[in-house]
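The lines below spell out each chain.
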Amino acid sequence: MADGTRSLRGGSPASSPLLGGRGRAAAAAGSSSPGHGFRRVTLTKPTFCHYCTDFIWGLAGYQCEVCNFMSHEKCLKNVKIPCSCIAPSLVRVPVAHCFGPPGHYKRKFCTVCRKSLESPAFRCEVCELHVHTDCILFACSDCRQCHQDGHQDHDTYHHHWREGNLSSSARCEVCKKTCSSSEVLSGMRCEWCGILAHSACYIIVTPECTFGRLRNMILPPTCVQLFSRNFSKLHCFRISENLQTESDEDDDVDGSTQGSAKDVQISTDSSKQTLKIFDGNDAVKRNQFRLISVPRIAKNEEVVEAALRTYYINDDQQEYELQTFTQQTLLSDDVINRNSAAEDSNLGSVFRESIPEAWIIRAKPKDEEVIRIYPAWLKVGMAYVSLRVNKDSTTQTVIKEVLPLLGRQTECLQNFKLVEVLMGSKQVQRMVLDNQELILKRLKDIRKTSVRQMNQTRFYIVENSKSIVRVSLFVGGLPPQLSLEEYTNILKEELAIKSNVVSVSHVYQAQGAVVLEISCFSEAERIYMLVKDTAVNDKPLNAVVIPEVTASKIPQNCCPLLVFVNPKSGGLKGRDLLYSFRKLLNPHQVFELTNGGPLPGFHTFSKIPSFRVLVCGGDGTVGWVLGALEEIRHKLVCSEPSVAILPLGTGNDLGRVLRWGAGYSGEDPYSILVSVDEADDVLMDRWTILLDAEEPAEGAENGIAEPEPPKIVQMNNYCGLGIDAELSLDFHHAREEEPGKFNSRFHNKGVYVKVGLQKISHTRNLHKDIKLQVDQHEVELPSIEGLIFINIPSWGSGADLWGSESDNRFEKPRIDDGLLEVVGVTGVVHMGQVQGGFRSGIRIAQGSYFRVTLLKPIPVQVDGEPWIQAPGQIIISAAGPKVHMLKKSKQKQKKTGSVREMRADSMSVSEGGR
């Protein structure tokens, strides 16, 4: 909305026609505000001005009868925020919102009606839009444009302003004063760079946006392309499917249940009557109505004006009429307020006891009218052109008349087409009009279907071009280690893919995944929906829509951040971080690990020459991502990206070592991203563990037993045998039995303590059950119950198992020295003493190659993942190149105000405005 406000502010919004008689009231008050219809009202409770946010003293104020904007009389002439009724006409590039499930949002205000969100409401997962359930249909499609979709192509990005719902510490970039309010919807914020300003100040900020402090971390929208015509926004941004189901269930109550709850309160007066108002045939079929309360002696024009107002329509009420709602409504011509009865309608009331309580808004037929034609991405230097059409005007004649106005009179008509665009809040729908389509008839049909939809409909003149449709679909869950031909055969058999429009562009054999390139929208949608219900070898498949990143368009100094979030870690904090990072960055660079794992993210970034990774999760999640990176690094242009950690797990030992803390406790996500940007690059060893069991496996062919095949796992932190792994295994079993209870670190550590107390009297002579060889030398083990190999100086939630005492026998441990430290513990009591910092472990050895011989089944755990290992050999060795990690810098940020200043350090204010 705000971008359009900047581009179309050349006088037209301020002079837009006001609704009915309200225009006179507003004019009398001297208002030049865009689209508002202000009327003097008597205040019955404390009220604040939406423009200056100050208290309105006295008993009188001015309120817009459409969007509820409240103002001092002195502030009316300065109001620049457009009314909700004309907001759709100010949208620069229509982009649908991505609504999650309804929820309760404290201290937030609805963008449409400007009232507090006291009941369940919707919020966009990509921008800061909040709306009531019954206002969602009237929210304009002004979401952030996060990718190019073939309909727009902009090289320069302007600020994307969103009004209100700012933090209490928000300060204006222009005047440096507080610009937030907890009482009203006030203040402006750019949703890309985060710059803040008053509604009176933001108009003098330079329009170009450079993405602020995080500019080097944001994946620029100009380099991301996604053909998403048949996919919902939830699919495009890989947001959980269950959100869509919940929000769709509320569509049927948008205009009825929720609307009635708000408006019934004003109908208690016996002198007033509450009426159901439908805005067209579609609303009647869906039973979606709005309620209005009018005096029982109201005249026709007053009722029509109130009906238009409740649907946020600012047209002249003389152009509309009300039709009674009966069983034959859709075919009936029983309409009140006809032109022939104008004299009677002006004299008497339309409401009598025989009049029904439900009505439909109808537009009066016109012989001609003026429409706006938008030039899409044609570089013509104007927002739109106005054109008068009559009953004989067709699509072809409109194109013929518009081209000269755009300076394209010499070009052939056949090179252009007229596109009708419905800018719904949830979906932007496009339809190419036939050359012989009668425009006036088309407008009549739209208004008959829904008057509200007419207010959200535009016509674009578009140049014909042979656009190549290319949808990339990641399909995972396939059997690993197959050939391209075998994967193609499986897809043909299970999904019935059409080889003429579908091809396999990438194969990831080790992970059992492929990337499909599809040149047909309908085929892409069919495959996507079918994959969700398909399983191969009893393993369900998964599909993810993948954007295409053009690396050549990424600025030279830009190093985008690839974010992985495990929503199952840290209770509900993972979900909250997903939401926050989608707002602060480009949603296309934020991936949910429960939706296809880390591979879709690495594939998306495979052509980017330089990028970093942020993993939000526990140590197990970090190991998962690092393992996937090791497997796919040979297919990445940036084969060694640096990895930062936001610890969400229970132990978070690797996060502690790299200074990211013991666990996330609600820090500002913006500050976290700044810390990642300032972090230092360090190297860390990774280790390969080969598990070669000698015990034969059961059920081999011909009844002959064969040994289990060797198993390879990767280690980042530590590997434990004996009592340490046994406690982890008991904890793992407890979590599998009741996973819902393990949603906090405090509870998890409590379970660990409980399990440990149960093992306190347990004795295991581990040194008699295993043999250890370090760098080809046999090592005699002391009497111990647990043997632990540590790569980092943190074990069991921050304990220093190796200890800080100097020892001439060993080198000082480092995470990049190519050595592992071997430590023993004598039991649960010893482990507890280490946890409390009273003792350290028994130092046994230090080396780079280890062979452990198991003489009997023994519990083993690697980075918190436990199991029972059969007798055999365990070989631990270095795993190829060291991995690049990001260590949080020791430098502290500046104090108060630094974050706000960094958000807008690149933003300048035009000198003329100052």
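Structure's up top.
Bear in mind the structure is a predicted one, so any value in this text is a computation, not a measurement.

(A) Looking closely at the pairing of strand β10 (residues 272–278). The pairing of β10 with strand β11 (residues 290–295) spans six bridges and is classified as antiparallel. Residue Lys276 lies in a different strand from β11, and its bridge partner there is Leu291. Pairing of β10 with strand β13 (residues 358–363), which is carried by three bridges, proceeds in the parallel orientation. Residue pairing for β13: Phe278 is matched across the bridge by Ile360.

(B) Quick peek at the sheet that holds strand β15 (residues 385–390). Within the open sheet, the five strands sit side by side as β15-β14-β18-β16-β17. Their pairing is mixed. Either end of the sheet is taken by a strand with one partner, and the two such strands are β15 and β17 (428–432). Pairwise comparison of adjacent strand axes, ignoring direction, gives a mean angle of 35° for this sheet. Relative to strand β18 (residues 457–463), strand β14 (residues 368–374) is paired through two bridges, and the arrangement is parallel. For Ile373, the partnering residue across the bridge sits in β18 and is Phe459. Contacts from helix α9 (residues 395–405) reach β14, β15, β16 (416–423) and β18, with the element oriented near 150° to β15. Each of β14, β15, β16, β17 and β18 is contacted by helix α10 (residues 439–449), which is oriented at about 90° to β14, the strand it contacts most.

(C) Representation of unusual backbone geometry within the structure. A positive phi angle, close to 55°, is found at Ala496, a residue other than glycine. You can call Ala496 partly exposed: its relative accessible area is 45%. A positive phi angle, close to 65°, is found at Asp538, a residue other than glycine.

(D) Quick look at the packing of aromatic side chains. Going through the model one piece at a time under the given rule, you end up with 18 aromatic pairs. Between Tyr157 and Trp192, the ring centres sit 6.2 Å apart and the planes meet at 90°, which makes this aromatic pair edge-to-face. With Tyr157 in the loop between β5 (130–132) and β6 (161–163) and Trp192 in the loop between β7 (188–190) and β8 (196–197), this residue pair connects regions lying 35 residues apart in the sequence. Of the two residues, Tyr157 and Trp192, both sit in the buried class. Summarising the aromatic geometry, the rings of Tyr157 and Phe211 are spaced 6.2 Å apart at their centres and angled 45° between planes, so their arrangement reads as tilted.

(E) Inspection of the pattern of salt bridges at higher detail. All told, the structure shown has 27 salt bridges when counted by the stated rule. Taking the shortest distance from any N to any O, the salt bridge between Arg442 and Glu420 comes out at 2.6 Å. In this pair, Arg442 is assigned in helix α10 and Glu420 in strand β16, connecting sequence segments 22 residues apart. Among the ionic pairs, Lys441 bridges to Asp445, the shortest N-O distance being 3.3 Å. In this pair, Lys441 and Asp445 both sit in helix α10, four residues apart, roughly one turn of the helix.

(F) How the structure looks around the sheet that holds β13. The four strands are arranged β11-β10-β13-β12 in an open sheet whose pairing can be described as mixed. Two strands bound the open sheet, and with one partner strand each, they are β11 and β12 (320–324). With strand direction ignored, the average angle separating the axes of adjacent strands in the sheet is 40°. Strand contacts of helix α7 (residues 300–310): β10, β11, β12 and β13, with the helix running at about 150° to β11, the strand carrying the most contacts.

(G) Summary view of the environment of Ser199. Residue placement: Ser199 occurs in the loop between β8 and β9 (224–225). Residue Ser199 is classed as buried on the basis of its relative accessible area, which comes to 4%. Linking Ser199 and Gly164, residues 35 residues apart in sequence, is a C-alpha distance of 9.4 Å.

(H) Structural view of the nonpolar core. Val131, Phe581, Phe602 and Leu614 are the most contacted members of the largest nonpolar core, which totals 148 residues. Per-element accounting of this core gives the leading share, six residues, to helix α16 (residues 619–632). Here Phe581 is in contact with Val563, Val565, Val590, Leu614, Cys616, Leu646, Pro669 and Leu673, once residues within four sequence places are set aside. Counting residues in each nonpolar core, the second largest holds 30 residues, with Val475, Val501, Val514 and Tyr528 among its members.

Parameters and conventions
- Residues numbered from 1 in each chain as written.
- Predicted model: local features only at pLDDT ≥ 70, side-chain atom pairs only at ≥ 80, totals over all residues.
- Heavy atoms only, no water.
- Pairing = 2+ DSSP bridges.
- Helix = DSSP H or I, 4+ residues; strand = E, 2+ residues; numbered from the N terminus.
- Axes fitted to C-alpha atoms, helices over the stretch in contact; angles between N-to-C directions.
- Contact = heavy atoms within 4.5 Å.
- Buried < 20%, exposed > 50% of the residue type's maximum accessible area, 1.4 Å probe, protein only.
- Phe/Tyr/Trp six-rings, centres within 6.5 Å; stacked < 30°, edge-to-face > 60°.
- Salt bridge = Lys/Arg side-chain N within 4 Å of Asp/Glu carboxyl O.
- Core = buried A, V, L, I, M, F, W, Y, C linked by side-chain atoms within 4.5 Å.

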